[in-house]
Amino acid sequence: MESVLITGAAGFLGSHLIDKFLAEGFEVFGMDNFITGNPNNIAHVASHPHFSFIEQDVTKYINIEGNLDYILHFASPASPIDYLKIPIQTLKVGSLGIHNVLGLAKAKKARVLIASTSEVYGDPLVHPQTEDYFGNVNPIGPRGVYDEAKRFQEAMTMAYHHVHGLETRIVRIFNTYGPRMRLNDGRVIPAFLGQVLRGEDLTVFGDGQQTRSFCYIDDQIDGIFKLLFSDYALPVNIGNPNEISILDFAKEIVKMNGNKSKIIFKDLPVNDPMQRCPDISKAKELLGWTPKIGREEGIRKTFEYFKTLSKEELYKTEHKDFSDYIK
Ligand code: UDP
């Protein structure tokens, strides 16, 4: 039986990866320190005979007894408001964390796949974003802690690939959503759906003309899985190219809610990218992958999940406002 270590196992993406690898017949090790992960996301696999959990910070020395065939490095805060709140941990997991992961992979002769991000393109000047675009990142802006950590992570991964001949894969993940996202993580889909459930106004930042392209979790997991088993070491974008402005998206949610919500406008966070849309030609060509789940279906499934959460979770305020963190 082949084995895989998933860091960030209790996170949104990590927990769905666990399900995928267990379903495909792998022995799965999950690692998380619960800094942004949620134990509830992995409760359903706790007693699975092929799953083991290690509660650990990946920035500290990591080890797994016995053979290890694959490592997927998904540990990291991923919501802008999270990495503004814990910037040093964000930088550490992308730098010290990846160093430990690559060291373990080298020792075990394991193949590594790292979770990179559309944030490596910053506020992009090329649209849609192709993998050969170098990006437009402000290293000292509020998002720099995430963007630069992920850029460093890519550089370190390629260095291990070239110097040590390590088998490596890099996925650049564009906005992804679905069940098990944290309702209060500050990102736009949980934010809007939480606001609908609480009967609050929808908060659009800036004038809402900035665009995003939202990929449903099942499509994202399928793309990541295919990339891991490809033989391509350079970065590959995985996301849904169906682009929409945040204001139009808010209107879609208002409509879904029977026109019961109002839209209000708030300040645009510093360095918020104005346009984001993946060019997925590479994924199509190399992996035969395209996203299959449209926004309407994906949002409906995500909304159904959020509806199952307790009142306590619905009203838990982890974050107040961006202005609390941008000083
Ligand atoms: N956004 C918004 N209202 C919210 C939360 C986010 O208008 O309550 C906007 C945010 O400014 C950004 C977009 O939605 O332009 C997506 O934000 P998110 O935090 O989901 O992720 P990002 O793509 O910026 O990393």
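Before reading further, recall that the structure is shown in the block above.
Below you will find a few notes about this structure. (Residues numbered from 1 in each chain as written. Predicted model: local features only at pLDDT ≥ 70, side-chain atom pairs only at ≥ 80, totals over all residues. Heavy atoms only, no water.)

## Section: the packing of aromatic side chains
For clarity, the threshold we go by: Classification of ring pairs rests on two measures: the distance between centres of Phe, Tyr or Trp rings, Trp counted by its six-membered ring, which must be within 6.5 Å, and the angle between planes, read as stacked under 30 degrees, edge-to-face over 60 and tilted in between. Helix and strand assignments follow DSSP, with helices taken as H or I runs no shorter than four residues and strands as E runs no shorter than two, numbered in order from the N terminus. Burial here depends on accessible area, computed with a 1.4 Å probe over protein chains only, as a share of the maximum for the residue type. Under 20% is buried, over 50% is exposed, and the range in between is partly exposed.
Under the criterion given, the structure shown has 16 aromatic pairs. Relative to Phe174, the ring of Tyr121 has its centre 6.1 Å away and its plane inclined at 40°; by these criteria the two rings are tilted. Note that Tyr121 is positioned in the loop between strand E5 (111-117) and helix H4 (144-164) and Phe174 in the loop between strand E6 (168-173) and strand E7 (176-177), a separation of 53 residues in sequence. According to the relative accessible area criterion, Tyr121 is buried, its value standing at 0%. Ring geometry for Tyr177 against Phe214: centres 6.4 Å apart, planes inclined by 85°, an arrangement best described as edge-to-face. Highlighted residues: Tyr177 in strand E7 and Phe214 in the loop between strand E9 (211-213) and strand E10 (215-216), separated in sequence by 37 residues. One aromatic cluster in this structure is built from Phe21, Phe26, Tyr70, Phe225 and Phe229.

## Topic: the site of the ligand
Note the cut-off: The rule for a residue being near a molecule or strand is that one of its heavy atoms must lie within 4 Å of it. We call two N or O atoms a polar contact when they sit within 3.5 Å, provided that within protein one can donate a hydrogen and the other can accept it, with sequence-adjacent residues counted only if both atoms are side-chain atoms. Surface accessibility in these figures is a Shrake-Rupley result with a 1.4 Å probe; residues are shielded only by whichever protein chains are displayed. Classification convention: Asp, Glu, Lys, Arg as charged; Ala, Val, Leu, Ile, Met, Phe, Trp, Tyr, Cys, Pro as nonpolar; all other residues, Gly among them, as polar.
Residues in close proximity to the ligand total 18 residues, the closest being Thr203, Phe205, Arg212, Asp272 and Arg276. Contact between the ligand and Arg143: an oxygen atom at 3.0 Å from a side-chain N or O atom of the residue. A distance of 2.6 Å separates a nitrogen atom of the ligand from a polar backbone atom of Thr203. Contact with the protein chains covers 96% of the free accessible surface of the ligand, which is 520 Å². At the level of elements, helix H5 (188-198) and strand E8 (202-205) are the ones that each hand at least two residues to the shell around the ligand. Looking at the shell around the ligand residue by residue, the class counts come to eight nonpolar, four polar and six charged.

## A closer look at the packing of H5 against helix H9 (residues 295-307)
The axes of two packed helices give the description: the angle between them and the distance between them. Just so we agree on the cut-off: Angles shown run from 0 to 180 degrees and are taken between the N-to-C directions of axes, each axis being a line fitted to C-alpha atoms and, for helices, limited to the stretch in contact. Throughout, the term roughly parallel applies to angles under 35 degrees, roughly antiparallel to angles over 145, roughly perpendicular to angles from 65 to 115, and oblique to all others. Note on convention: the crossing is left-handed when the near helix lies turned anticlockwise from the far helix by less than a right angle, right-handed when the turn is clockwise. Every residue pair with non-hydrogen atoms within 4.5 Å of one another is taken to be in contact.
The geometry of H5 relative to H9 is characterised by a closest axis approach of 10 Å and an angle of 55° between their N-to-C directions. By the angle between their directions, the pair H5 and H9 is classed as oblique. In the packing of H5 onto H9, the handedness of the crossing is right-handed. Contacts between H5 and H9 pair Ile189, Pro190, Leu193, Val196 and Leu197 from the former with Ile299, Thr302, Phe303, Phe306 and Lys307 from the latter. Residues of the contact of H5 with H9, tallied by class, amount to eight nonpolar, one polar and one charged.

The analysis is restricted to geometry; functional conclusions fall outside its scope.
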